[in-house]
Structure formats: structure tokens, C-alpha cells
Amino acid sequence: MTHPELRPRPPSPLVEAADERFAAHGVRLLLKRDDLVHPELPGNKWRKLAPNLRAALDAGHGRLATFGGAYSNHLRATAAAGRLLGLETVGIVRGDELAGRPLNESLARCAADGMRLHFATRSEYRRKADPDTRDRLLAAAGAARAYVVPEGGSNALALTGCAELGRELRGASDVVAVACGTGGTLAGLAAGLAPGQRALGVPVLAGGFLGAEIRSLQGAAFGGPAGDWTLAEGFDHGGYARVPAALDAFAADFESRHGLPVERIYVAKLLWALHDLTAAGSFPRGTTVTAVITGRP
């Protein structure tokens, strides 16, 4: 029988955010509250991890291994999932210089949930896509036989979970926007939307590499391109986990207007981008835009 934590969950709420800054341009803003989809694995973390967790359990694995930076939401979610399901978890963390330092709040949460942390050099971590390097990292972490979930949780199985998000939004919106780290949520979301709907990704990292990653992920999951999607570059605010004062103030203002706790690393950048794009006339009057709220602060 499927573990109770992995049973299908009801669609997350879709609510309207009445905001004169959007209404002035004839744009209707909706919020897809995926931060409420699961009490401990909110948003895209639930959607990407659940199919992988089912596969791990079906194959009899008792240990999960994955990768992430020192502030990785994915590492925290994987650690929480392991605790909920009784699975051992191993996190391979970028930056061996962190090994001798006190754990930050994010990594401390991982450890409290039972995750064993292994700190890899930055140079070796960058080469983790190479099979030999990955095997060395897993062996050094004592996870050679673990079920491996990639950094960010984005693989072909994860896309099937994110496609369900798109299906939940069919007919509800013209444009569905989501913040992107590894691109897996956008790749699956686009595949699940109906013809005539467009998915818009807002990368939270600079570099312009996501387009190729998304095409590769869709090829692995669906055999080729799926759905209509575009990327809005230039809203990374200096890079991953950078939250300048102006972005923090914008997020705080959105919280006060709408009573929504705004996660700063992903969601704040998404909402800022939609505000700027609307002001610039990027959405025709009469457009309904949905912002996917992928996580909580």
C-alpha cells in the first residue's frame, strides 16, 4: 500500500490577488498557493520529490542521496521526506570549507531531520554530472548504493509530478509563471498546461543556461519539447540567495497588501518580475496571470 505521505493530494488553492498595480494595466493576478500543498514538503518540492520517493520505496531502497548548496530548499525537503518515510538521507553539500564551521540554519534543519552531510570541494561538486565523479562523491559520502535524486530534484520522474500542477491550472489562466532554479518545475508545468496557455519561467540564477536544461529535461521525460514556455531573464537580483534591500522591501510590501508570507529567494523574484513585466506592457490587457507560490519563508 502507498505510504500515507505519498498519496495524491488535492489541488492547491487558486486565489485572486486584487492589486491595483496589475489592474491598472488590465492584468488579473492569481496566486497558485502550492506552498499549502503539503505541511512539510511545500510546493514544487512535493511535486518533484513524491514520484522519486515512490520509485525509491518500490525498489526497496532504504537510503536517499542528493546534492545541494548550503541554503538548499531541496536538501531540507529531502531530509524532511526521509524523516517522514523512515529513510536514511545523505546530502552532498557544495563547499568543503563549510565542514569545520557551525551549521547554518538550513543545514542544521537537515541534520535535525536525520540527514548525514558530506561536504565536497567546489571543483569536484561542479563535475558531479560526470558519472565517475558522481560515483566518487557518493562513495566518499557512504552512499554508493543509495537512490540518487539530482540537485534540485529535477529529473524525468519529477517532471511527471510537475505536469500535474499544469493540469490543475488548465483553463484558469493565460500565463502561468514560476521561479526557476534547475528548471524542472517549469519543464513539467508547461507540459501539463492546455493548448493556448503559456508557462513563464523566472530564473533566480544568472547565466542563461536554463533553456538548454529545460529542453534536455523534457526530452528525457516526454521524448521531446512539451508545451509553450519562455524565460524572463534578468530578475536574479545579483545571483542565487541574493536579496538586496529593494527586493526585500518589495516582498514586505506584497505581504502587507495580500497577507501572503513571501519567500525571498524564489517567490519574491517571481513577483517582482511579474510586476515589472506588467508595468512594461508585456502582457496584453485582459490577460490573466497566475504566479505559482512554490514555497514558504
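Remember, predicted model here, so these are calculated numbers, not experimental data.

J.: Explain the packing of helix α2 (residues 44–58) against helix α3 (residues 73–85) here, please?
T.: Packed helices, taken two at a time, are described by their axes: the angle between them and the distance between them. The N-to-C vectors of α2 and α3 enclose an angle of 45°; their axes lie 11 Å apart at closest approach. By the angle class used here, α2 and α3 are oblique. Like other packed secondary-structure pairs, α2 and α3 cross with a definite hand, here right-handed. Counting all contacts with α2, which are made through K45, L49, L53 and L57, the residues of α3 involved are N73, H74, A77, T78, A81 and L85.

J.: I tried to follow the pattern of salt bridges on my own but got confused; where do I start?
T.: Where side chains of opposite charge bring their charged atoms close, a pairing between them can arise. Under the criterion given, the structure shown has 20 salt bridges. A salt bridge links R28 to E16; the nearest nitrogen and oxygen atoms lie 3.2 Å apart. With R28 in strand β2 (residues 28–32) and E16 in strand β1 (residues 14–16), this residue pair connects regions lying twelve residues apart in the sequence. Its relative accessible area of 38% is what places R28 among the partly exposed residues. As a salt-bridge pair, R257 and E20 come within 2.9 Å of each other at their nearest N and O atoms. Taken together, the residues span a long stretch of sequence, with R257 in helix α10 (residues 245–258) and E20 in helix α1 (residues 20–23) at a distance of 237 residues. Classification of R257 by relative accessible area gives partly exposed; the value is 37%.

J.: Please clarify how the sheet that holds strand β6 (residues 147–148) should be interpreted in this entry.
T.: Note on sheets: strands pair through backbone hydrogen bonds, and any given pair is parallel or antiparallel. The strand order across the open sheet built from four strands is β5-β4-β3-β6, with neighbouring strands paired in parallel fashion. Among the strands making up the open sheet, the edge pair consists of β5 (115–120) and β6. Here strand β4 (residues 88–94) pairs with β5 via six bridges, running parallel. In the sheet register, T89 faces β5, and the bridge partner there is M115. Along the sheet face, α3 touches β3 (63–68), β4 and β5 and points at about 170° away from the line of β3.

J.: Please explain the sheet that holds β2 as it appears in this structure.
T.: Spatially, β1-β2-β10-β7-β8-β9 is the arrangement adopted by the six strands of the open sheet, whose pairing is mixed. Of all the strands in the sheet, just β1 and β9 (229–231) have a single pairing partner and so form its edges. Pairs of neighbouring strands in the sheet enclose a mean axial angle of 25°, with direction left out of account. When strand β8 (residues 198–203) meets β9, the two strands line up parallel, connected through three bridges. Considered in β9, the bridge of L200 is made with T230. Sheet strands touched by helix α9 (residues 210–222): β7 (175–180), β8 and β9. Its angle to β9, the strand with the most contacts, is close to 155°.

J.: Quick question: what am I supposed to make of the nonpolar core here?
T.: Considering soluble globular proteins, one finds that nonpolar side chains tend to be buried as a cluster. If you look at the biggest cluster of nonpolar residues, it comprises 32 residues, and the most contacted ones within it are L31 and L274. At the level of secondary structure, the elements contributing two or more residues to this core comprise β2, β7, β8, α10, α11 (267–279) and β10 (288–292). Here this core gets seven residues from one element, more than from any other, and that element is α11. Non-local contacts of L31, meaning those with residues more than four positions away in its chain, are made with P13, L14, V15, A17, F254, L260, L271, A291 and I293. In terms of nonpolar packing, the next biggest core, distinct from the first, is built from 17 residues, L159, L186, A190 and L217 among them.

J.: Help me understand the pairing of β10 in this model?
T.: It is a general feature of regular strands that their side chains alternate between the two faces of the sheet. With five of its five residues buried, β10 lies for the most part within the structure. Both faces of β10 are covered, namely the face carrying T288, T290 and V292 and the face carrying V289 and A291. Alignment of β2 against β10, held across five bridges, turns out to be parallel. Within β10, the residue paired with L30 across the bridge is T290. Summarising the sheet, β7 and β10 pair through three bridges and their orientation is parallel. Within β10, the residue paired with V175 across the bridge is V289.

Calculation notes
Residues numbered from 1 in each chain as written. Predicted model: local features only at pLDDT ≥ 70, side-chain atom pairs only at ≥ 80, totals over all residues. Heavy atoms only, no water. Axes fitted to C-alpha atoms, helices over the stretch in contact; angles between N-to-C directions. Helix = DSSP H or I, 4+ residues; strand = E, 2+ residues; numbered from the N terminus. Parallel < 35°, antiparallel > 145°, perpendicular 65-115°, else oblique. Left-handed = near helix turned anticlockwise from the far one by under 90°. Contact = heavy atoms within 4.5 Å. Salt bridge = Lys/Arg side-chain N within 4 Å of Asp/Glu carboxyl O. Buried < 20%, exposed > 50% of the residue type's maximum accessible area, 1.4 Å probe, protein only. Pairing = 2+ DSSP bridges. Core = buried A, V, L, I, M, F, W, Y, C linked by side-chain atoms within 4.5 Å.

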